[in-house]
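One letter stands for each residue in the lines below.
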Amino acid sequence: MNDSKRNGPEFAPIRNYIKQLKIIVDIYDANDADKLIRSEKMDYGNPEDRLWLGKLSFWSWDNGHVVETRKDDDG
């Protein structure tokens, strides 16, 4: 990994263990950025959900799609 990336804010110590973090994952079409293919809600605090997110992201990127994640304020 590039050393400049290791100094980013994502490497700061987490103050609290993430027990629950509800997020929404949207997948957009590779050829039409306005076309939503799939939208799912998940809990990033759940290890199975994180594993699923990795698999979904890899599939999406491998097919040229766009993955967007955001906090689920309603969750």
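Up top is the structure these notes are about.
Residues numbered from 1 in each chain as written. Predicted model: local features only at pLDDT ≥ 70, side-chain atom pairs only at ≥ 80, totals over all residues. Heavy atoms only, no water.

> Please give an account of the overall build of the protein chain that cites residues and values.
Counting its regular elements, the protein chain contains one helix and three strands. Taken from N to C terminus, the helices and strands of the protein chain fall in the order β-β-α-β. Against the 2.2 N^0.38 benchmark of 11 Å for 75 residues, the protein chain shows a C-alpha radius of gyration of 14 Å, more extended than a compact globule. Each of the three principal axes of the protein chain carries a C-alpha extent, and together these read 40 × 35 × 20 Å. Here the protein chain holds 75 residues, and 23% of them are scored as buried. Once local pairs closer than 6 in sequence are excluded, the contacts in the protein chain between residues at least 24 apart make up 47%. If the 12 positive side-chain charges of the protein chain are averaged to one point and the 15 negative ones to another, these points end up 7 Å apart. (Helix = DSSP H or I, 4+ residues; strand = E, 2+ residues; numbered from the N terminus. Rg over C-alpha atoms; globule rule 2.2 N^0.38 Å. Buried < 20%, exposed > 50% of the residue type's maximum accessible area, 1.4 Å probe, protein only. Contact = heavy atoms within 4.5 Å. Lys, Arg positive; Asp, Glu negative; His and termini not counted. Charge placed at Lys NZ, Arg CZ, Asp CG, Glu CD.)

> Give me the sheet that holds strand β2 (residues 36-43): which residues, what numbers.
Strand order in the open sheet made by the three strands is β2-β1-β3, with antiparallel pairing throughout. Looking at the sheet topology across the chains shown, the edges are occupied by β2 and β3 (66-71). Across this sheet, the average inter-strand angle for adjacent strands is 20 degrees, counted without regard to direction. Bridge count for strand β1 (residues 22-28) against β3 is six bridges, and the pairing is antiparallel. Note on β3: the bridge partner recorded for Ile-27 is Val-67. Here helix α1 (residues 47-62) sits on the sheet and contacts β1, β2 and β3; the angle it forms with β2, its principal contact strand, is near 160 degrees. (Pairing = 2+ DSSP bridges. Axes fitted to C-alpha atoms, helices over the stretch in contact; angles between N-to-C directions.)

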